[in-house]
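Topology and contacts: notes
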Amino acid sequence: FLWLVAEGDEDPGDAENLPAGNNGEFIELPPEQDDMTDIEEPEYERDPSYEGLTEEEAIAQAEEDDITYRVIARDGEQFPATMDYNPERINFTVEDGIVTRAEFY
């Protein structure tokens, strides 16, 4: 067991009062990142055959192709979605009723 101490945190106590096995070791954590500018979005397989269709057409096509689908964003509003990776599920982004992005993940 090691104590994790974030930058600027107070020392949790002297080594005599730490749990057995810690040996008084501390690991300093980096300061929290305030923004996500350094985080790159992963690249997913896109399917342009759905892009440009209306939302209704894209859903009908996915059902005809027997592909699981979901709309993850519509007109700038992001919807809750699980983060599990499923390469057989297509995710639609819709703007003004038109699919602008279709990705498998």
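Higher on the page you've got the structure.
The rules we used
- Residues numbered from 1 in each chain as written.
- Predicted model: local features only at pLDDT ≥ 70, side-chain atom pairs only at ≥ 80, totals over all residues.
- Heavy atoms only, no water.
- Pairing = 2+ DSSP bridges.
- Helix = DSSP H or I, 4+ residues; strand = E, 2+ residues; numbered from the N terminus.
- Patch = residues over 30% accessible without salt bridge, like charges linked within 9 Å, V, L, I, M, F, W, Y side chains within 5 Å.
- Areas by Shrake-Rupley, 256 points an atom, 1.4 Å probe, with all protein chains shown as cover.
- Salt bridge = Lys/Arg side-chain N within 4 Å of Asp/Glu carboxyl O.
- Lys, Arg positive; Asp, Glu negative; His and termini not counted.
- Charge placed at Lys NZ, Arg CZ, Asp CG, Glu CD.
- Buried < 20%, exposed > 50% of the residue type's maximum accessible area, 1.4 Å probe, protein only.
- Contact = heavy atoms within 4.5 Å.
- Axes fitted to C-alpha atoms, helices over the stretch in contact; angles between N-to-C directions.

1. Examining the pairing of strand β7 (residues 98-104)
Here strand β3 (residues 45-46) pairs with β7 via two bridges, running antiparallel. Among the inter-strand pairings, Arg-46 is bridged to a residue of β7, identified as Glu-103. Pairing of strand β6 (residues 89-95) with β7, which is carried by six bridges, proceeds in the antiparallel orientation. What sits directly across from Val-94, in β7, is Val-99. Count of turn residues in the β6/β7 antiparallel hairpin: two residues, of which Asp-96 carries a positive phi of about 50 degrees.

2. Notes on a negative patch on the surface
Together, Asp-75, Glu-77, Glu-95 and Asp-96 give the surface a local cluster of negative charge. With respect to the helices and strands, Asp-75 occurs in the loop between β4 (68-74) and β5 (77-78). By relative accessible area, Asp-75 is classed as partly exposed at 45%.

3. Here's the deal with the sheet that holds β7
Taken in spatial order, the five strands of this open sheet run β3-β7-β6-β4-β5, and their pairing is mixed. Only two strands of the sheet have a single partner each, and these edge strands are β3 and β5. Here helix α1 (residues 55-64) sits on the sheet and contacts β4, β6 and β7; the angle it forms with β4, its principal contact strand, is near 160 degrees.

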